[in-house]
Amino acid sequence: MHFDIITLFPKMFSAITDEGVIARGIKKSLLSVNTWQLRDFSVNKYRNIDAPPYGGGGGMVMQVKPIRDCISKIKQKTINTTVVYLSPQGEKLDNKLVVELSELESLTLLCGRYEGIDERVIENDIDREISIGDYVISGGELGAMVLIDAVSRQIPGVLGNQESLNDSFVDGLLDYPHYTRPEKIDGQSVPEILLNGHQAKINVWRTEQAERNTYKKRPDLLKSR
Ligand code: 4H7
């Protein structure tokens, strides 16, 4: 999977490219992450890419030309890329959408700042508008990183066999509870079934716990199964 990112803050992406699961995916050539500084596509000497909104109201809006030129440049190099705009107005990201995106060969992620981008970019240049949840953050970059992480985990070989593809959400349930050494701490014990080594029984118990957990914490997930 190839990611092109259009941003005013390319350095932010070192948070995911320098270490961890995505860094390893890049080393193995299963992933590539390229950032594009939107200011390099400015049309004036001050490197501005924003202007005040028509109709007033304050704040600034990202202009059409730099974004359009940057997307064109990316499309010259990358055939068949899906252009995604991270915004609070987008379709909400969930596991189903993550899996769907992981089947594409290339994603171009546009990160908004200020009040967002000129609507004509959304009409003409964007394939999908995606939100990571119903809250506001200061820029699209953190959203893009969430998406890249979630999508990259679906690419075969990116996760080690230890990490495997998490069962959580695949079957629409939350995770089962985890325990590690010591067996007893401050009067709290590890459930007996996990200590007796009968794997089939443990698996049944874990599924029960996952269902119970989901019922207690996220009953909404059970309705859509
Ligand atoms: C596009 C349009 C994504 C991107 C507006 C991005 C939440 C999400 C942004 C804005 C995002 C999400 C700029 C509007 C900052 C609010 C204070 C960047 N917020 N912002 N303003 N839910 N912010 O996926």
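Up top is the structure.
**Observations regarding the sheet that holds strand 6 (residues 106-111)**
Then, number 1: Taken together, the five strands give an open sheet; going across it, the order is 2-1-6-5-7, and neighbouring strands pair in parallel fashion. Both outer strands of the open sheet, strand 2 (32-37) and strand 7 (128-131), are each paired with one neighbouring strand and no more. Each strand axis lies, on average, 35° off the axis of its neighbour in the sheet, ignoring direction.
Then, number 2: Here strand 1 (residues 2-7) pairs with strand 6 via five bridges, running parallel.

**Focus: the layout of surface pockets**
Then, number 1: Volume-wise, the largest pocket comes out at about 600 Å³.
Then, number 2: In terms of lining residues, the largest pocket is bounded by 20 residues, among which Asp 94, Asn 95, Lys 96, Ser 168 and Phe 169 are the most central.
Then, number 3: Here the lining of the largest pocket is built from residues that sort into eight nonpolar, six polar and six charged.
Then, number 4: Taken as a whole, the second largest pocket spans an internal volume of roughly 410 Å³.

**Focus: a nonpolar patch on the surface**
Then, number 1: Together, Tyr 135, Ile 137 and Leu 142 line one region of the surface with nonpolar side chains, adding up to about 280 Å² of accessible area.
Then, number 2: Among the secondary structure elements, Leu 142 is positioned in helix 6 (residues 140-152).

**Section: the packing of aromatic side chains**
Then, number 1: Tallying each qualifying case throughout the model produces one aromatic pair.
Then, number 2: Ring geometry for Trp 36 against Phe 41: centres 6.4 Å apart, planes inclined by 50°, an arrangement best described as tilted.
Then, number 3: Of the residues examined, Trp 36 reaches a relative accessible area of 15% and is grouped as buried.

**Focus: the site of the ligand**
Then, number 1: Inspection of the region around the ligand gives 17 residues, with Tyr 85, Tyr 114, Ile 132, Gly 133 and Ile 137 positioned closest.
Then, number 2: Note that a nitrogen atom of the ligand is positioned 3.1 Å from one of the backbone N or O atoms of Tyr 135.
Then, number 3: Within the backbone of Ile 137, an N or O atom sits 2.7 Å from a nitrogen atom of the ligand.
Then, number 4: Relative to its unbound accessible area of 520 Å², the ligand is 84% covered by the protein chains.
Then, number 5: One can see that the ligand is located within the second largest pocket.
Then, number 6: It is strand 5 (residues 82-92) that provides the largest number of residues to the shell around the ligand, a total of four residues.
Then, number 7: Of the residues contributing to the shell around the ligand, the split by class is eight nonpolar, eight polar and one charged.

**Overview of the side chain of Gln 37**
Then, number 1: Relative to the helices and strands, Gln 37 is located in strand 2.
Then, number 2: From its side chain, Gln 37 meets the backbone oxygen of Leu 8 in a polar contact 3.3 Å long.
Then, number 3: Looking at Gln 37, its side chain comes within polar contact range of the main-chain nitrogen of Arg 39, at 3.0 Å.
Then, number 4: Residues within four places of Gln 37 in sequence aside, it is in contact with Thr 7, Leu 8, Pro 10 and Arg 47.

**Here we look at unusual backbone geometry**
Then, number 1: Here Arg 181 and Pro 182 are connected by a cis peptide whose omega angle stands at 0°.
Then, number 2: By the element assignment, Pro 182 lies in the loop between helix 6 and strand 8 (184-185).
Then, number 3: Even without being glycine, Tyr 114 reaches a positive phi, approximately 55°.
Then, number 4: Along the chain, Tyr 114 falls in the loop between strand 6 and helix 5 (119-124).
Then, number 5: With a phi angle near 50°, Asp 186 is a residue other than glycine that sits in the positive phi range.
Then, number 6: For Asp 186, the location among the structural elements is in the loop between strand 8 and strand 9 (188-189).

What counts and how
- Residues numbered from 1 in each chain as written.
- Predicted model: local features only at pLDDT ≥ 70, side-chain atom pairs only at ≥ 80, totals over all residues.
- Heavy atoms only, no water.
- Pairing = 2+ DSSP bridges.
- Helix = DSSP H or I, 4+ residues; strand = E, 2+ residues; numbered from the N terminus.
- Axes fitted to C-alpha atoms, helices over the stretch in contact; angles between N-to-C directions.
- 1 Å grid on protein atoms, 1.4 Å probe; cavity = no way out; pocket = protein on both sides within 12 Å on 5 of 7 lines; lining within 4 Å.
- Points joined across faces, edges and corners; volume = space filled by probe spheres on them.
- Nonpolar A, V, L, I, M, F, W, Y, C, P; charged D, E, K, R; others polar.
- Patch = residues over 30% accessible without salt bridge, like charges linked within 9 Å, V, L, I, M, F, W, Y side chains within 5 Å.
- Areas by Shrake-Rupley, 256 points an atom, 1.4 Å probe, with all protein chains shown as cover.
- Salt bridge = Lys/Arg side-chain N within 4 Å of Asp/Glu carboxyl O.
- Phe/Tyr/Trp six-rings, centres within 6.5 Å; stacked < 30°, edge-to-face > 60°.
- Buried < 20%, exposed > 50% of the residue type's maximum accessible area, 1.4 Å probe, protein only.
- Near = heavy atom within 4 Å.
- Polar contact = N/O pair within 3.5 Å; in protein donor to acceptor, adjacent residues only side chain to side chain.
- Sits in = over half its atoms within 2 Å of the grid points.
- Contact = heavy atoms within 4.5 Å.

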